[in-house]
Each structure stands twice: as C-alpha cells, then as structure tokens.
Amino acid sequence: MRKKIVAGNWKMNTSVSKGEQLAAEIVEKSKDVEGVVLVVAPPFTHLTKVADKLNGSQVALSAQNCAAETSGAYTGEVAASMVADTGAKYCILGHSERREYYGETDETLNKKLAQCFANNLIPVFCVGEKLAERENERHFEVVKTQLYNTVFNLSDEDFGKVVIAYEPVWAIGTGKTATPDQAQEIHAFIRKTLAEKFGAKADDTSILYGGSCNPANAKSLFANADVDGGLIGGASLKSDDFIAIAKSF
Ligand code: PGA
C-alpha cells in the first residue's frame, strides 16, 4: 500500500531559530494526525537543530537537495552522507527551481539519486511542465521524458523507495493550482508510465502534488485516487496551514 505523505519544502526561508520554532509547533500540532507521513525540508543550515526538535515525533526530516558527488573539493556542496548524518530520512531532488536556476540536468539528477540510495535517503523526485508546455499540450510528453531519463534507470529495489512529486511549474508559488481533474489526469498518467517499466510496483509509489497547495484546496486535490499527498511550499511555513493540509485526506 502506498503511503500518504505531506512534505513541507521551506525553500530559502526562516532563520535557524524561526525554523526550530516552526518545527516544534508542527510536532506539537501533529499529535492527532494519523495515517499520514509528515516531512519537513528546511535549509541545510537548519537540519541538525530541526532534527533535535523532531526527535521522538512522527515528523521526518528532509533536505532540499544534495551533492552529486560523494565528497571532496566541491566548494559549497553538501554530500548526501552529510545530510543522512543529520538524521534526515528524505531528500528532495530535481525541484524545478534547481533545474531552472542552477542548471540541474537529468545526468546530474541520476548521480544525485545514486547518492541518496547509497546513503539510505528517500528521494522525493520532482517532475513537472512549464506553462508554455501545458498550453501547447506537451505536459504528458515532458513529464514522461523527465521520468524516462531518470527514474527509469533505477533498479526495481531503488524504485520501490522513491517518492514522486508532480509540480507544474506554472503553479509553484503563483497561487494558481492545477484543478483536481488536471492533477488526477497527470498523476494517473505518471503511474501508468512508471508501470510500463516497473509493473505493479508503481501501485505502491506515492505521487505527491505540488504547486500552490493550501488548506482551502488540499481536500479536493487529495480526494483523487492517484494523488497521494502534497509537496507544500508557501503554506508549509505556517504550522496551522501545514497541519490543516495534513488533515485534508
Ligand atoms: P508552493 O511551492 O506551494 O509555494 O507553490 C511548492 C513547491 O515548490 O514545492
């Protein structure tokens, strides 16, 4: 059975102390959340401190990225082993902001996937089309190519661990959300595409929706058969909103 997951991507927000406070609030308010895996992804600098706050709770820790290399002379990079050392269990990979602003290619992402698996981190692997691609009805093709070039290279065993996040770029931070029908349509397509390679194992893959998900629209998005939760940006910075989303199944 696939898991329901609500993950908060804090992006480049919060000071360390504000991040600790947010984590503590989420832990406190999550006590009556059942049947949902909760994950928070603060900036690298916050990981060890936030790990302390999450200790003993049902909220798991994630990084937002990791290096493609194992260790060595890579100034400014953070290795997957270092991320794992903080107590993090997850790592977001291939977010559209990383692809767009930092030139992450499928080749880089394949290396990052390998680093995650080598260090027992569960990748939350992001795919999604840009506005022009959606308008030209190329979204299926774009997402399929993203998957073919990356996730399709995984062994069956590693594929069994990966979480997919579908994030239409036009919906991220814009206040525009995919309609529940649009989300279901492409999530079902993603699952069908994954099944072409991995068969019935794709039924166990959690596919999260991301892009302006908030307490007002989460319920209608999560009600869809192939939407297994959300990757939440802006709304994950307020503990009440994040928990309200987690209670939207
Ligand atoms: P948003 O971001 O919820 O602020 O749109 C989602 C994401 O980028 O993961």
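The rules behind each value
- Residues numbered from 1 in each chain as written.
- Predicted model: local features only at pLDDT ≥ 70, side-chain atom pairs only at ≥ 80, totals over all residues.
- Heavy atoms only, no water.
- Near = heavy atom within 4 Å.
- Polar contact = N/O pair within 3.5 Å; in protein donor to acceptor, adjacent residues only side chain to side chain.
- Axes fitted to C-alpha atoms, helices over the stretch in contact; angles between N-to-C directions.
- Helix = DSSP H or I, 4+ residues; strand = E, 2+ residues; numbered from the N terminus.
- Parallel < 35°, antiparallel > 145°, perpendicular 65-115°, else oblique.
- Left-handed = near helix turned anticlockwise from the far one by under 90°.
- Contact = heavy atoms within 4.5 Å.
- Nonpolar A, V, L, I, M, F, W, Y, C, P; charged D, E, K, R; others polar.

K.L.:
Would you take a moment to explain the site of the ligand for this structure?
P.N.:
Taken together, 13 residues form the shell around the ligand, and within it K11, H95, E167, G173 and S212 come nearest. At a separation of 2.7 Å, an oxygen atom of the ligand approaches a polar side-chain atom of K11. In this structure, an oxygen atom belonging to the ligand sits 2.7 Å away from a side-chain N or O atom of E167.

K.L.:
Can you walk me through the packing of helix α7 (residues 139–148) against helix α9 (residues 180–198) in this structure?
P.N.:
Geometry of a packed helix pair, given as the angle between the helix axes and the separation of the axes. At a minimum axis separation of 10 Å, α7 and α9 run at an interaxial angle of 40°. The orientation of α7 relative to α9 falls into the category oblique. You can see that α7 and α9 cross each other, and the crossing is right-handed. Contacts from H139, F140, V143, K144, L147 and Y148 of α7 reach α9 at E185, I186, F189, I190, T193, L194 and E196. Counted by class, the contact of α7 with α9 contains 8 nonpolar, 2 polar and 3 charged residues.

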